[in-house]
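Residues per chain, in single letters:
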Amino acid sequence: MKKVLILGATSAIAQATVRLLAARGASLYLVGRNAQNLEAVAKDAATRGAAKVESRAMDLDDCGAHEALVEQAAQALGGLDGAVIAHGVLGDQDASQRAWATAEAVMRTNFLSAASLLTSLANRFEAQKTGTLVVISSVAGDRGRQSNYVYGASKGALTVFLQGLRNRLAKSNVAVVTVKPGFVDTPMTAHVPKNKLFASPEQVARGLLRAADGRKNEVYVPGFWALIMLIIRSIPEPIFKRLKL
Amino acid sequence: MRSPQSWGRFPRVAQETRALTWRSDALPSAPGTLLPHGLGRSYGDSCLNADGTLLLTSALDRLIDFDPATGVLRCESGVTLDTVLRLVAPRGWFLPVTPGTKYVTVGGAIANDVHGKNHHRGGTFGRYVRRFELLRSDGTRRVCAPDENPDWYGATIGGLGLTGLITWAEVQLVPIRNPYILQETVPCENLDAFLDVARASEADYEFTMAWVDCLARGRKLGRGLLFRGNFAPPQFDGLPLAKSHLSHGSGLAVPVDMPAFCLNRLSVSAFNWLYYHRQRGRPRQRLTHYDPFFYPLDAIYGWNRIYGARGFLQFQCVVPYSTARDALREILERSSRGGVPSFLSVLKTFGDIPSPGWLSFPRQGVTLAMDFANRGEKTWRLVEDLDRLTREAGGAVYPAKDARMSPESFAAYFPRREQFLPYLDPAFSSSFWRRVNPATPSLPALEGSADGATPPVSLLAIR
Ligand SMILES: Cc1cc2nc3c(=O)[nH]c(=O)nc-3n(C[C@H](O)[C@H](O)[C@H](O)COP(=O)(O)OP(=O)(O)OC[C@H]3O[C@@H](n4cnc5c(N)ncnc54)[C@H](O)[C@@H]3O)c2cc1C
Ligand SMILES: NC(=O)c1ccc[n+]([C@@H]2O[C@H](COP(=O)([O-])OP(=O)(O)OC[C@H]3O[C@@H](n4cnc5c(N)ncnc54)[C@H](OP(=O)(O)O)[C@@H]3O)[C@@H](O)[C@H]2O)c1
């Protein structure tokens, strides 16, 4: 990935990824919704050695603007060979249960907006017969749990969407990489007491890029989550539904 | 998450933490008073805030700009010196001043106005800070520079994090031709020899410091090795990095707390002897990469755990030349008799280059730094004594390494304290600050207790 579009560039995981890409001398087009913070990320990337850094502040919930955004990024960088989709919200499960509008907003940001971006990106990459699409989903999408099934459903839908896309783009030499982090110590989880299962954004960024470089399909980061989720997925539903998860 | 500790792992305090994320964000609302916290490489309690909140700056680690033509770096305050070096050294620039570890933040380096092996030539870190932004709890932001808000600039450099949060800073780096240091090791038989060699080295060597064998007594008191060096001359430009340039102690780690018996008098003396003799057998002059020269301890990750769970006390003082010989002799003698050996002791001379910081510690004279495993009462009495000797000699003790100096000592060491007070942020405080500025000067109920003498307030604080 030498010319990369980063969506949700102000996310902690995205910032760590941007640094690694900058150190490799990549050209970057950064998108986030807070202009001031985005500028801070852009300056950091430029100072750390990115060949070129362009940025644009916008709310990615605005799906109507995606097609033009992707075009603009490609123009600015003289083409695109990679994209990282990192924006997302954790939402509030209780609030989502009480009011559909709240749940819908989570679905919109985590799934609809990502799927819309992927549609524009996939068509472009399919036509140019090259490129890597890296999308941050979550272990939470592997199985619905009462404590966060709205977030989980948005990520689960994203994971399934990516599976289909990967299947479609395999013949076009386009890699579709689903990254499933476990708990990561970022502003998204600032309110959660930390334990040994938490990874740093840098750790996740390294895993993410390793997967992208290796054109992997689905990866858990850190890797031990593959085992944890295997166990969680294999618990029979009649038992699972009685658990406090 | 475990509450952050200071490098000496003493004292242990309960405090809240808030991770800062963006330099443009307002300060978070949090319980109690606030205190910025970098990498916690201060030894005592100046980076701790019992019953208050630490503002963790580790995510304020973005670079803002670096101009390879002028060597001016602008970055957020949580950027580490390690990050700075990785960025600038390959491009021919270096830190103008660096402490003995690269794992400190730019904000921490400013707030303690840190010094390095080149103090006699370059002064303190604060001198190279062109400007910075100070965010106060009332929401105001000030750019501070020698010619812009100069009072805030002077109060904040060496200001112990108490004037507000430094969000970003601009530092002037110094040019280097290559990453190598031509280092010489000069054995010094005793304190007098050290003082003579140290002063004689100041003219020709950019970097000097000496390691002292704290157990040597009598005529050998102050015996040690003086290291001096300069960045290597042009003929070493382009030299490929060889393993031997980095060999110094790499790859060691102290993963768990060492039990206290690992550090008895015998083992320290053996370590010191080995170190002295190993160095003596080596060529006097050698080429080394800057990393092992400036940061030998960084190679042993978590070395502070060697002192076990009770932590340790650092003591670093500076005494003026006029009293240095006698005062240092007494201090070394007192500590070699103390029964609590210092594992690492470092001597160095400070020059007369003034710092812009009002509460800056370095001043002309000789500085001595020692570590003492915390063995309770015994250690406290010893360090208390060393403090008294320093005061009598007209010197000062370094707050960044202190967990016990008394309010009286602090006032004596930092005569510009009064000038500083109006610049304190009313919402900011630290364990150190409350200790050296108690709201009620003495505790009447305890006065005259024990053996009739008033216990020093700093001793009370640990019980
Ligand atoms: C192995 C070792 C060697 C050392 N050698 C030296 C040496 O040679 N010379 C020397 O001078 N020191 C030396 N030190 C001490 C160290 O350099 C200082 O304590 C330094 O300030 C630590 O920086 P930090 O980022 O860890 O800050 P912390 O220890 O976390 O905090 C230090 C102070 O800075 C304040 N602070 C931190 N960030 C900010 C901010 N953004 N805004 C405002 N205030 C802030 C804190 O409130 C606190 O008062 C050494 C320490 C170690 C562990
Ligand atoms: N942290 C975890 O434990 C964890 C675990 C698994 C998966 N993930 C996933 O990892 C990704 C990155 O999250 P993170 O942990 O790095 O958290 P983060 O730092 O909070 O990042 C989330 C980012 O998404 C941005 N964003 C949200 N809605 C947006 C919108 N409508 N338009 C544009 N940007 C928007 C946010 O911007 P603002 O800053 O402007 O709000 C923020 O920068 C997310 O997809 C998350 O679901 C995280």
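About the thresholds
Residues numbered from 1 in each chain as written. Chains lettered and ligands numbered in written order. Predicted model: local features only at pLDDT ≥ 70, side-chain atom pairs only at ≥ 80, totals over all residues. Heavy atoms only, no water. Pairing = 2+ DSSP bridges. Helix = DSSP H or I, 4+ residues; strand = E, 2+ residues; numbered from the N terminus. Axes fitted to C-alpha atoms, helices over the stretch in contact; angles between N-to-C directions. Contact = heavy atoms within 4.5 Å. Buried area = accessible area lost by both parts, 1.4 Å probe. Salt bridge = Lys/Arg side-chain N within 4 Å of Asp/Glu carboxyl O. Near = heavy atom within 4 Å. Polar contact = N/O pair within 3.5 Å; in protein donor to acceptor, adjacent residues only side chain to side chain. Areas by Shrake-Rupley, 256 points an atom, 1.4 Å probe, with all protein chains shown as cover. Nonpolar A, V, L, I, M, F, W, Y, C, P; charged D, E, K, R; others polar. pLDDT = per-residue confidence, 0-100.

### A short note on the sheet that holds strand β3 (residues 53–56) of chain B
Residues and elements named next belong to chain B. The strand order β1-β3-β2 describes an open sheet built from 3 strands, whose pairing is parallel. The outermost strands of the open sheet, each flanked by one partner alone, are β1 (16–19) and β2 (34–37). On average, each strand axis in the sheet is tilted by 30° relative to the strand beside it, whichever way the strands run.

### Notes on the interface of chain A and chain B
Listed as interface residues are 13 residues of chain A and, on the opposing side, 15 residues of chain B. Carbon and sulfur atoms supply 51% of the area that chain A and chain B bury against each other, a total of about 1,200 Å² over both sides. There are 1 salt bridge connecting chain A and chain B. Residues B:Asp61 and A:Arg19 are paired through a salt bridge, measuring 2.9 Å at the closest nitrogen-oxygen approach.

### Overview of the site of ligand 2
Residues and elements named next belong to chain A. Every one of the 27 residues lining ligand 2 counts as a neighbour, but Thr 10, Asp 59, Tyr 151, Val 184 and Thr 186 are closest to it. Here a nitrogen atom of ligand 2 sits 3.2 Å away from a polar atom, N or O, in the side chain of Asp 61. The backbone of Val 184 places a nitrogen or oxygen atom 2.8 Å from an oxygen atom of ligand 2. Starting from 880 Å² of accessible surface for ligand 2 in isolation, the protein chains cover 90%. At the level of secondary structure, the elements contributing two or more residues to the shell around ligand 2 comprise α1 (12–23) and α6 (149–169). Here the residues of the shell around ligand 2 are counted per class, giving 13 nonpolar, 10 polar and 4 charged.

### Quick look at the confidence of the model for chain B
Residue and element names in this part refer to chain B. Per-residue confidence for chain B averages 88 on the pLDDT scale, and 86% of its residues sit at or above 70. Mean pLDDT across the elements of chain B ranges from a minimum in helix α13 (residues 457–460), with 40, to a maximum in strand β9 (residues 165–172), with 99. Segment residues 258–262 is flagged for pLDDT under 50; beyond a separation of four residues in sequence, or across chains, it makes 6 contacts in the model. Within the model, the stretch residues 442–463 combines pLDDT values under 50 with 23 contacts to residues more than four positions away or in other chains. In the predicted complex, the global pTM is 0.93; the interface-specific ipTM is 0.95.

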